[in-house]
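In case you want the letters, here they are:
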Amino acid sequence: MSSKTLNISTSPHIIANVSTDTIMLNVVYALLPVAGFAVYSFGINALLVILTTTISAVGTEHYLCKLSKKESTVGDWSAVISGLLLGLTLPPTFPLWMAFFGGVIAIALGKFIFGGLGYNVFNPALVGRAVLQAAFPVAMTTWYPAMALDRFSSISTSVLSTPFMQPTVDVVSGATPLSAFKFDNIIADSSDMALGLISGSTGETCAVLILLGGIYLIIRKMMNWRIPVAILGTVIVLSGILYLVDPQIYPSPVFMLFSGGLMLGAIFMATDMVASPITPLGVVVYGAIIGILVVVIRIWGGLPEGVMYAILLANAISPHIDNMIRLRVYGTSKQTKHD
Amino acid sequence: MSAAANTISPQLTFQHGIHPEEFKELSNLKPIERMAFVPEYRLPLSQHIGAPSLPVVKVGENVKRGQKIADPGGYVSVALHSPVDGTIKDIGIYTHPNGRELPAIIITTDAYSSQEFVGMESVDPYSLSKSEFIQKIQDSGLVGLGGAAFPAHVKFNIQEDKKCKYLMINGCECEPFLTADDRLMIEFGEELIEGIKILNHFIGAEKVYIAVEVNKPKAIMNLRNLASDNIEVVCLKVKYPQGAEKMMTSAILGKEIPAGGLPLDLGVLVSNVGTLVALAQYFRNGIPLIERVVTVTGTTMNRPSNVMVPVGTPMESLVKWCGGFTSDTTRILLGGPMMGMVQKRLDVPVVKGTSGILALSSEQVKELNEYSCIRCGRCLDACPIYLNPSHLGLLAKKGLWEEMEENHVMDCFECGSCSFVCPSAIPLVQSFRVAKGFIKQAKKRDV
C-alpha cells in the first residue's frame, strides 16, 4: 500500500464539472436551432453561407495554431461559435468567397492576433462582419425574401460568384423591416418578426428561437443574464419614451426589439464573456451603453442597423468599465479600487 | 419545545460560496468505533500551531495511558500525553504528516496492558479561577480540533479589554465527505453541551449558537433536545465554506468581521464541536487529549468509517482498519477535499489536527486542461469575501504581488471556491498562496 505512488498537489482537490469547452459547446447547441431555422427560412443558400464561415473560422484557427507551433485550440469550440455567429449575421445569398474571407478575418484579426481565446478585445465574429461591411457594402445589404418557394431547389448565382468579380444581383429584393422603416417608413407586422417570417440576415430573423437559446444558456448558468436584460431593457425604455413622444415618427418598442440583429446581438454577441466586463455592475453599464447606441444609431444614424457597431464600441470600453467599478471586499466599508 | 423548534428552518447563510457534491452518505450513518491498539505510536512534538512541546520523559521509561510526556514549549504551545501504556522507544527526528522531518516521541505499546485509563482525577471546573482554568486547558493538550490545531487555552484566554458576547460552536462541517463532527453531535451531545457550559462559565457570553448545516438533521434534533438556557441551535444552509469564521458570523449575526481583524472584534468567539467534547471529557474523567474522531472515507475506501483514534496512530494502520483503499485511488488527503492536505505517504501518524483521511479516485481528482481565463465571472460569484479572483489570477501570472496586495489578496483565507468553479482550470487559490508567501516575506525584509 505504501509503495504505491500517490500524486500530489495543493487544495482544492475537486473541481466543478463545467469546463471551458463544455460552456462553448453549449453555446453551439443553443445556436443550432437558430441556424436550423435560418436554413428552413432561406434555404440552401443560407446553409452554404453558414457552413462556409464555420469551416473557414475553424480552419483558420487550426492553421494559425500550427503556424505558431502551438497545439491546435479547435477543440475548445470557440472558433465554431465565431464561425456560426458570423454566418448568422450575413445576408442569405452572400457570396461564399466573401463569407470565407470573413471567417478568416474573424479568427485572424478578431482573435488570434490578440493571443487567442481569452484575450480578444472584440467579439471575433463582429470583427469579421465589420470588415465585410466595409469591404462589400452592396453584398452586405442585398436581401433575399424569407420562405421563397425555390429556396431548396436553386442556388443563387451571387452565392457562387467568383472572387473579385462583381456578383450579379439576381435576387428578388426583400427589404428588411429596418431598412423598410428607415427608407420607406413601413412598419412590419410584429408577429411575423417574432417568428422570423421576415427578410434579414440568415440567423437574426427568428426572435423566438434566439430567446429560447438564451434562456437555455442562462438556466445552465453559461451566460450572464444581466447583459441581454440590460440591453433589451434599455432599448425598450428609450424607444418607449420616444414612441410616447411621437408615434408617427418613432417606431414602437416592440418593433425595435424584434427587428434587425438586436435579439441575436444582445443574446449571443454582446455576451461574449471575454469581450464584456466581469463585475455585476459593470455588465449592466455595458448593456445599457449598447442599448443606448442601438437606439441612437437606428433612429438618428445613417444606417438602418446599429447593433454591430454598438457592441463593438462597448467591447472597446469594457476593460475601462471594469476598471471604474469598485468591488467591496468582505469586512471593509470602503469600495476598493480594482485595476 | 414548540413545534417550530423541531423544524430545520430557517436556513441562515452568507453571500456567494459553492455547493460541491457532499458524499456525506458514505459515512454519516456509521457510529463512531474504537480502533484496536497498535504496537507503536509516533507523537510529533509539533501537533499544534506555536512552539513545539518539550519532552519530559527519557528513552526506556515506562509511561501510562494519559501520562504527560511533554510540557508546553511556551505560552502558545500545549502539553502532550501518551495515548497508551507503553515504553518510550525513541525521541528523534521523524516524518511529520506535513511532510517535514520534525522531532517526535516513539512509544512501544505494552502488549499485556489492559489499556484502562487511570489518569488524573476529574476536576470540578466551576471551582477554578479563570487563570487556573486556562492553565488546566493548556495542560490537557487541548487544541482546536477543526483542523487548524491552534492551542485552545490561547483562544479561550480573552484579554480584559475584549468582551465575548457570542460564543459560536462550529458544527457546520461544510467540507464534503467529513462526518466526524456530525457523529460527535449525535453521539456526544451531552458532553458537547457540558463543554459549552464549562467554557461559557469562564468567558461569559450572552448567547451561545451551535451552528449546524441542515444536512445533519439528527445532530440538530439531538442538540435541540439537549440545549437549554442561552444555548441555541441554528440551522445553516448547506454551502461551502459555511464553517469559516467569517461566513458563520455573517450568516448568524448578519455582520462582517473587519478585514484583518478577529471575530472577537465583533464579540464573537468560535470553537469547534470536537474541541468542546474533548474539554468536557477532560474535566469529567480527567482524560487529556489523547484521541480524536477521524473520518476515514472516500469513494475508493473499502469501509468508510468514523473512528476514535489514539493520537500518534500510523495512518497506514488506520486505513488498514478501515479495509484499505482500492487500487484506483490516486490521491490520499488529510482533511476534506477543499482545504485538505495531500499525503504522499502513509507511514506518518494521525495528529491532533487530523479530521479525516480521504481516498479519491482519478474520477474525482480530474486533471483538466488549463485554458486562458474567459472572464466568465464564476469565481466572482463564488468568492465568499467578494474578491475578484479572475483579476488576481492575471496579476499572479505576472508576479505583480504588490498589486495583488492592493487588491486584498491577504484577506483570502484560501477556501478554494474560485479554483473549484473555474471552467478553465486555472490554479487560482494555489497562485494566491504563493503570492501571500511572497508578500509576507517582503514584509519581513522591510521590518
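Our structure is the block above this text.
Residues numbered from 1 in each chain as written. Chains lettered and ligands numbered in written order. Predicted model: local features only at pLDDT ≥ 70, side-chain atom pairs only at ≥ 80, totals over all residues. Heavy atoms only, no water.

A. Geometry of unusual backbone geometry. Following A:S11, the chain continues to A:P12 via a peptide bond in cis, the omega torsion being 0 degrees. With respect to the helices and strands, the residue A:P12 is situated in the segment before α1 (20-42). Note that the residue after B:Y240, namely B:P241, is joined by a cis bond; omega there is -5 degrees. Inspection of the secondary structure assignment puts B:P241 in the loop between β11 (231-236) and α6 (245-253). Even without being a glycine, A:W77 presents a positive backbone phi close to 70 degrees. Topologically, A:W77 is positioned in the loop between α2 (44-67) and α3 (78-88). Residues other than glycine seldom take positive phi values, yet B:A425 does so here, at roughly 55 degrees. Assignment of secondary structure puts B:A425 in the loop between α12 (417-421) and α13 (428-446). Given a relative accessible area of 17%, B:A425 falls into the buried group. (Helix = DSSP H or I, 4+ residues; strand = E, 2+ residues; numbered from the N terminus. Buried < 20%, exposed > 50% of the residue type's maximum accessible area, 1.4 Å probe, protein only.)

B. Expanded view of the side chain of B:D181. By the secondary structure assignment, B:D181 is in helix α3 (residues 180-187). Not counting the four nearest positions on each side in its chain, B:D181 is found in contact with B:N170, B:E173, B:N272, B:V273 and B:G274. (Contact = heavy atoms within 4.5 Å.)

C. Region of interest: the layout of surface pockets. When its volume is computed, the second largest pocket comes out at roughly 1,100 Å³. Around the second largest pocket, the lining is made up of 34 residues, and of these A:A16, A:V18, A:K221, B:R378 and B:V421 lie nearest the centre. Sorting the residues of the lining of the second largest pocket by element identifies α9 (378-382) and α12 of chain B as the ones contributing at least two each. (1 Å grid on protein atoms, 1.4 Å probe; cavity = no way out; pocket = protein on both sides within 12 Å on 5 of 7 lines; lining within 4 Å. Points joined across faces, edges and corners; volume = space filled by probe spheres on them.)

D. Quick look at the interface of chain B and chain A. Tallying the contact residues gives 65 residues for chain B and 44 residues for chain A. Between chain B and chain A, roughly 4,800 Å² of surface is buried when both sides are summed, and carbon and sulfur atoms account for 57% of that area. Where chain B meets chain A, there are 2 salt bridges. Between B:R375 and A:D322 there is a salt bridge whose closest N-O contact spans 2.7 Å. (Buried area = accessible area lost by both parts, 1.4 Å probe. Salt bridge = Lys/Arg side-chain N within 4 Å of Asp/Glu carboxyl O.)

E. Structural context of empty space enclosed by the protein. A full pass over the atoms with the stated rule returns 8 cavities of 30 Å³ or more. By volume, the largest cavity is sized at about 320 Å³. Lining the largest cavity are 24 residues, and of these A:M24, A:I81, A:T271, A:D272 and A:M273 lie nearest its centre. For the lining of the largest cavity, the secondary structure elements donating two or more residues are α1, α3, α5 (124-135) and α12 (262-269) of chain A. Partitioning the lining of the largest cavity into residue classes produces 16 nonpolar, 6 polar and 2 charged. The volume enclosed by the second largest cavity comes to roughly 150 Å³. What lines the second largest cavity is a set of 17 residues, and nearest its centre among them are B:C373, B:C379, B:S390, B:C422 and B:I426. Put simply, the parts of the chain that give the lining of the second largest cavity at least two residues each are α9 and α10 (389-397) of chain B. Among the elements that line the lining of the second largest cavity, the one with the most residues is α10(B), at 4 residues. Looking at the lining of the second largest cavity, its residues break down into 10 nonpolar, 4 polar and 3 charged. (Nonpolar A, V, L, I, M, F, W, Y, C, P; charged D, E, K, R; others polar.)

F. Inspection of the nonpolar core at higher detail. Counting residues in each nonpolar core, the largest one holds 84 residues, and the members touching the most others are A:F94, A:F268 and A:I290. At 9 residues, the largest contribution of residues to this core is made by α1(A). Ranked by size, the runner-up nonpolar core spans 52 residues in total, among them B:L145, B:V212, B:L223 and B:A227. (Core = buried A, V, L, I, M, F, W, Y, C linked by side-chain atoms within 4.5 Å.)

G. Quick look at the pattern of salt bridges. Tallied over the full model, the rule gives 20 salt bridges over all chains. The salt bridge partner of B:E256 is A:R328, with a shortest N-O separation of 2.7 Å. Taken together, the positions of B:E256 in the loop between α6 and β12 (268-272) and A:R328 in strand β1 (residues 327-328) put the pair across two chains. Counted as one network, the salt bridges with shared partners bring together B:R34, B:R65 and B:E291.

H. Spatial organisation of the packing of helix α1 (residues 130-139) of chain B against helix α7 (residues 273-285) of chain B. All names here are of chain B. Remark: α1 packs on α7, axes separated minimally by 11 Å, with the N-to-C direction vectors making an angle of 105 degrees. By the criterion of interaxial angle, the relationship of α1 to α7 is roughly perpendicular. Along the contact surface, α1 presents F133, K136, I137 and D139, while α7 presents L279, Y282 and F283. Taken together, the residues that form the contact of α1 with α7 break down as 5 nonpolar, no polar and 2 charged. (Axes fitted to C-alpha atoms, helices over the stretch in contact; angles between N-to-C directions. Parallel < 35°, antiparallel > 145°, perpendicular 65-115°, else oblique.)

I. Examining the environment of B:K30 more closely. Residue and element names in this part refer to chain B. One can find K30 in the segment before β1 (33-34). For K30, a relative accessible area of 31% corresponds to the partly exposed category. Each residue touching K30, except ones within four places of it in the same chain, is listed here: R183, P304, S305 and N306. There is a polar contact of 2.7 Å between the side chain of K30 and the backbone oxygen of P304. (Polar contact = N/O pair within 3.5 Å; in protein donor to acceptor, adjacent residues only side chain to side chain.)

J. Looking closely at the sheet that holds strand β4 (residues 62-63) of chain B. Sheet architecture is open: 4 strands sit in the order β2-β8-β7-β4 (chain B), paired in antiparallel fashion. Single-partner strands in this sheet number two, and they are β2 (40-44) and β4 of chain B. (Pairing = 2+ DSSP bridges.)

K. Main features of the state of the cysteines. Across all of its chains, the model carries 0 disulfides over all chains by this definition. The closest cysteine sulfur to the non-disulfide-bonded B:C172 is located on B:C174, 6.3 Å from its own sulfur. (Disulfide = S-S within 2.5 Å.)

L. Region of the structure containing a nonpolar patch on the surface. A contiguous nonpolar surface patch, about 610 Å² in accessible area, is contributed by A:L195, A:L197, A:V208, A:L211, A:L212, A:I215 and A:I219. Here A:L195 lies in helix α8 (residues 190-195). (Patch = residues over 30% accessible without salt bridge, like charges linked within 9 Å, V, L, I, M, F, W, Y side chains within 5 Å. Areas by Shrake-Rupley, 256 points an atom, 1.4 Å probe, with all protein chains shown as cover.)

M. Representation of the packing of aromatic side chains. Counted under the stated rule, the structure contains 11 aromatic pairs over all chains. With centroids separated by 4.6 Å and ring planes inclined at 5 degrees, the aromatic side chains of B:F23 and B:F177 adopt a geometry described as stacked. One end of the pair, B:F23, is in the segment before β1; the other, B:F177, is in the loop between β9 (166-171) and α3, with 154 residues separating them in the sequence. Given the relative accessible area of 15%, B:F23 is considered buried. Pairwise contacts between aromatic rings join B:F133, B:F202, B:Y282 and B:F283 into one cluster. The ring of A:Y40 carries A:R151 above its face, with NZ or CZ at 5.1 Å from the centroid. (Phe/Tyr/Trp six-rings, centres within 6.5 Å; stacked < 30°, edge-to-face > 60°. Lys NZ or Arg CZ within 6 Å of the ring centre and 35° of its normal.)

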